[in-house]
Amino acid sequence: LELFQNYPNPFNPVTQIQFDIPSQQFVELKVFAVLGREVASLVSKELGYGRYETSIDSREWKSGVYFYRWKTADQIQTRKLIVLK
């Protein structure tokens, strides 16, 4: 399981997030504002083996620091992303 840093970062208005899954499992990928409010749910489903990519469109968001969290049965990882407008 591997969650990559979004690219580009900082970004405006769109960025990509890639992740690898070694076997079929349920994956959640969500974005949170710095104070913990959920601002986007990017993935919430069972996925099979492979590399995946999803994008974030921040046109409705304010500039600032956000966090994206990846959650599977085996692990939770969090990374920081920055919206610059």
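Everything numeric in this text was worked out from a predicted model, so none of it was measured.

Trainee: How should unusual backbone geometry be read in this particular structure?
Mentor: The bulk of non-glycine residues show a negative phi, and the bulk of peptide bonds are trans. At the junction of Tyr7 and Pro8, the peptide bond is cis and its omega measures out at -5° in the coordinates. Mapped onto the elements, Pro8 comes out in the loop between β1 (2–3) and β2 (14–21). Note that the residue after Asn9, namely Pro10, is joined by a cis bond; omega there is 5°. Positionally, Pro10 belongs in the loop between β1 and β2.

Trainee: Would you mind going over the nonpolar core with me for this structure?
Mentor: One broad rule of soluble globular proteins: the nonpolar side chains tend to lie buried together. Grouped together as the largest cluster of nonpolar side chains are 19 residues, with contacts concentrated most on Phe19, Leu29, Trp61 and Leu81. Here the element with the most residues in this core is strand β3 (residues 25–33); it accounts for 4 residues. Among residues more than four places away in sequence, those in contact with Leu81 are Asn6, Asn9, Phe11, Ile56, Trp61, Gly64, Val65, Tyr66 and Tyr68.

Trainee: When you look at the environment of Asn12 in this model, what are you seeing that I'm missing?
Mentor: You can see Asn12 is positioned in the loop between β1 and β2. Separated by 57 residues in the primary sequence, Asn12 and Arg69 place their C-alpha atoms 20 Å from one another. Of note is the side chain of Asn12, whose polar atom sits 3.4 Å from the backbone oxygen of Leu84.

Trainee: Sorry, what's going on with the sheet that holds strand β6 (residues 64–71) here?
Mentor: Hydrogen bonding along the main chain pairs the strands of a sheet, whether they run parallel or antiparallel. As summarised here, the arrangement of the 4 strands in space is β4-β3-β6-β7, forming an open sheet in which the pairing is antiparallel. With one partner strand each, in any of the chains shown, β4 (38–47) and β7 (76–83) form the two edges of the open sheet. Pairs of neighbouring strands in the sheet enclose a mean axial angle of 15°, with direction left out of account. The pairing of β6 with β7 spans 8 bridges and is antiparallel.

Trainee: Would you mind showing me how to read a nonpolar patch on the surface here?
Mentor: A surface patch of nonpolar side chains, about 320 Å² in accessible area, is lined by Val34, Leu35 and Val65. Within the element layout of this structure, Val34 appears in the loop between β3 and β4. Owing to a relative accessible area of 53%, Val34 belongs among the exposed residues under this scheme.

Procedures and definitions
- Residues numbered from 1 in each chain as written.
- Predicted model: local features only at pLDDT ≥ 70, side-chain atom pairs only at ≥ 80, totals over all residues.
- Heavy atoms only, no water.
- Helix = DSSP H or I, 4+ residues; strand = E, 2+ residues; numbered from the N terminus.
- Core = buried A, V, L, I, M, F, W, Y, C linked by side-chain atoms within 4.5 Å.
- Buried < 20%, exposed > 50% of the residue type's maximum accessible area, 1.4 Å probe, protein only.
- Contact = heavy atoms within 4.5 Å.
- Polar contact = N/O pair within 3.5 Å; in protein donor to acceptor, adjacent residues only side chain to side chain.
- Pairing = 2+ DSSP bridges.
- Axes fitted to C-alpha atoms, helices over the stretch in contact; angles between N-to-C directions.
- Patch = residues over 30% accessible without salt bridge, like charges linked within 9 Å, V, L, I, M, F, W, Y side chains within 5 Å.
- Areas by Shrake-Rupley, 256 points an atom, 1.4 Å probe, with all protein chains shown as cover.
- Salt bridge = Lys/Arg side-chain N within 4 Å of Asp/Glu carboxyl O.

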